[in-house]
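The residues making up each chain are set out below.
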Protein chains: 2
Amino acid sequence: MREFKRKARVLLIDDNADHLRGIKELINIETSYEVVGTTTSANMGINLIKKYQPDLVLMDINMPEKDGLQAIQEIEKLELETKIIALSGYDDADLIFRAMKIGAKGYVLKTMASAQLIYAIDEVLNGKVYLPSALSSRFFEYFQRTFKEEAATQNEENLLNYLTSREEEVLDLLTQGNNYKAIAAKLFISETTVKTHVNNIFQKLQVNDRTQAVLYALNNGFANKVRAKISA
Amino acid sequence: MREFKRKARVLLIDDNADHLRGIKELINIETSYEVVGTTTSANMGINLIKKYQPDLVLMDINMPEKDGLQAIQEIEKLELETKIIALSGYDDADLIFRAMKIGAKGYVLKTMASAQLIYAIDEVLNGKVYLPSALSSRFFEYFQRTFKEEAATQNEENLLNYLTSREEEVLDLLTQGNNYKAIAAKLFISETTVKTHVNNIFQKLQVNDRTQAVLYALNNGFANKVRAKISA
DNA sequence: ACTTTCCTAAATCCATGGATGTAAATCAAT
DNA sequence: ATTGATTTACATCCATGGATTTAGGAAAGT
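These numbers were taken from a predicted model, which means no experiment stands behind them.

Student: Explain unusual backbone geometry residue by residue, including any values.
Tutor: We note that Gln-206 of chain A has phi near 55°; this positive angle belongs to a residue other than glycine. Position of Gln-206 of chain A relative to the elements: it lies in the loop between α9 (191–205) and α10 (210–219). Its identity is not glycine, yet Glu-79 of chain B carries a phi of approximately 60°, on the positive side. Tracing the sequence through the fold places Glu-79 of chain B in the loop between α3 (68–77) and β4 (83–88).

Dropping the structure here:
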């Protein structure tokens, strides 16, 4: 099977030339891959990607001159089919999280066994997103810390629940930056009525002005709640 | 080593009584675990958790009467040391994502081999967050889809970049719901100066009022950018 | 039938917000 | 040395926002 497919084309970006050679050899041993280029410069790497459109990029994200994460973002903006695996010396949860967030399809530590890297490459080339189990564990902890408050507020005493459906509509328009006049026009009611609703909203949310009302709404999952309801 | 530690206390919640018995036997085979209770009702499960404070809960999240995810949220709100592993019949990415988001420490399919479940339990009891590789792969795809737009806006022509550092500070205070007077007091400058800054902000962000400015800021990653800078 | 809640609306009054123009002091860069 | 950007500040004027009170009709629950 495998030998009939064309070789996957891989590009390596790492500011350490020695490391670069090492990975290149490692990958060239695998008969199903072909290294189409190597470079120690992120900027050069981006140019090479535009030129060769490789299937996969191994990107060192601990480079001095240019931030590897930023480079990944730029590559993602090109909207190519090229998959990116981040290579890093650190298993820092924040780094892993950010890399995955901007679209890296994998994250492998430089200290990991080469078999691990090969496995990651295989998985990613097969369309999967792959994190070694030790790293995914870290990722999830970070993820849960990040979303804990959000999930918590989702359910605790939420002043938004006291709003009537009309007030929800008005607040929804407020959260889109409309003023009284615009809201009145969109709801086909008079401006004074809108003012009445907005004042009631202020009371219920215990805030003093529109901006605070909008902030309260956004911080308490209003969009998630209401857009579903209104568009349904 | 292991036999000197007290047995980990496990609670099972699954509306299918047969399945419940199956898991119970499976777990009791393991000498290091002890099933302290089983129930087919989510509400009863929550009561049992309050009473026994088990180390781990295996929670079926596909139950008709009460949503398992909701139950997990309620348990999390108790702020106990109890870890939760979600059991599900479906490898739906959205389900997995939501379960992990609200604090499940693991997610295992009912169709998976029992060894897989035992492994997950071990990992979670050791303080890790564990998703079988097939599911974590799905999770990451979903995660990246969810954050793609956010990451995209992060880098495209962002009007926030034209703000001076003082204007950033003012906008930051605006995004916290402050009015002119409050901002002036916090920055030790006059109210008219604040107005000047705010007007310049409006010009640069091409908006008409504070609410729109705040919304623009929030929608374009302002908090992420600035809080780091100011608190640093 | 009666009460309550919701949506609508207006009047009034005051506070706050926003637009515009002007200008001085500071500082970095050329 | 001069320019340009930034931060500070004020005046003025008008627009918008917000508080408060009152009130009628509709709908829903008791």
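Student: Mind laying out the relation of the copies chain A and chain B, listing which residues take part and the relevant values?
Tutor: Superposition of chain A onto chain B requires a rotation of 180° combined with a translation of 0.5 Å along the rotation axis, giving an RMSD of 0.8 Å. Look at the turn and shift together and you get a two-fold axis relating the two. Of every C-alpha in chain A, the one belonging to Thr-211 of chain A sits nearest the axis of rotation, 2.6 Å from it. By residue overlap, the copies meet face to face through one surface: 100% of the interface positions of chain A are interface positions in chain B.

Student: Before we move on, could you go through the protein's contact with DNA strand C and cite the residues and values that matter?
Tutor: The local shell around DNA strand C holds 17 residues, among which Thr-164, Arg-166 and Ser-190 of chain A together with Asn-199 and Arg-210 of chain B are the closest. Considering DNA strand C, the proportion of its atoms within 4 Å of the protein that are sugar or phosphate atoms stands at 68%. With respect to DNA strand C, the side chain of Thr-193 of chain A contributes an N or O atom lying 3.0 Å from a phosphate oxygen. A distance of 2.6 Å separates a phosphate oxygen of DNA strand C from a polar atom in the side chain of Asn-199 of chain B. Elements that contribute at least two residues to the surface near DNA strand C include exactly α7 (165–174) and α9 of chain A together with α9 (191–205) of chain B.

Student: Run through the protein's contact with DNA strand D, naming residues and quoting values.
Tutor: The local shell around DNA strand D holds 17 residues, among which Asn-199 and Arg-210 of chain A together with Thr-164, Arg-166 and Ser-190 of chain B are the closest. The sugar-phosphate share of atoms of DNA strand D within 4 Å of the protein amounts to 69%. At 2.9 Å, a side-chain N or O of Arg-210 of chain A approaches a phosphate oxygen of DNA strand D. Secondary-structure elements contributing two or more residues to the surface near DNA strand D are α9 of chain A together with α7 (165–174) and α9 of chain B. Its residues assigned to classes, the surface near DNA strand D comprises 3 nonpolar, 10 polar and 4 charged.

What counts as what
- Residues numbered from 1 in each chain as written.
- Chains lettered and ligands numbered in written order.
- Predicted model: local features only at pLDDT ≥ 70, side-chain atom pairs only at ≥ 80, totals over all residues.
- Heavy atoms only, no water.
- Helix = DSSP H or I, 4+ residues; strand = E, 2+ residues; numbered from the N terminus.
- Least-squares fit on C-alpha atoms with pLDDT ≥ 70 in both.
- Contact = heavy atoms within 4.5 Å.
- Near = heavy atom within 4 Å.
- Polar contact = N/O pair within 3.5 Å; in protein donor to acceptor, adjacent residues only side chain to side chain.
- Nonpolar A, V, L, I, M, F, W, Y, C, P; charged D, E, K, R; others polar.

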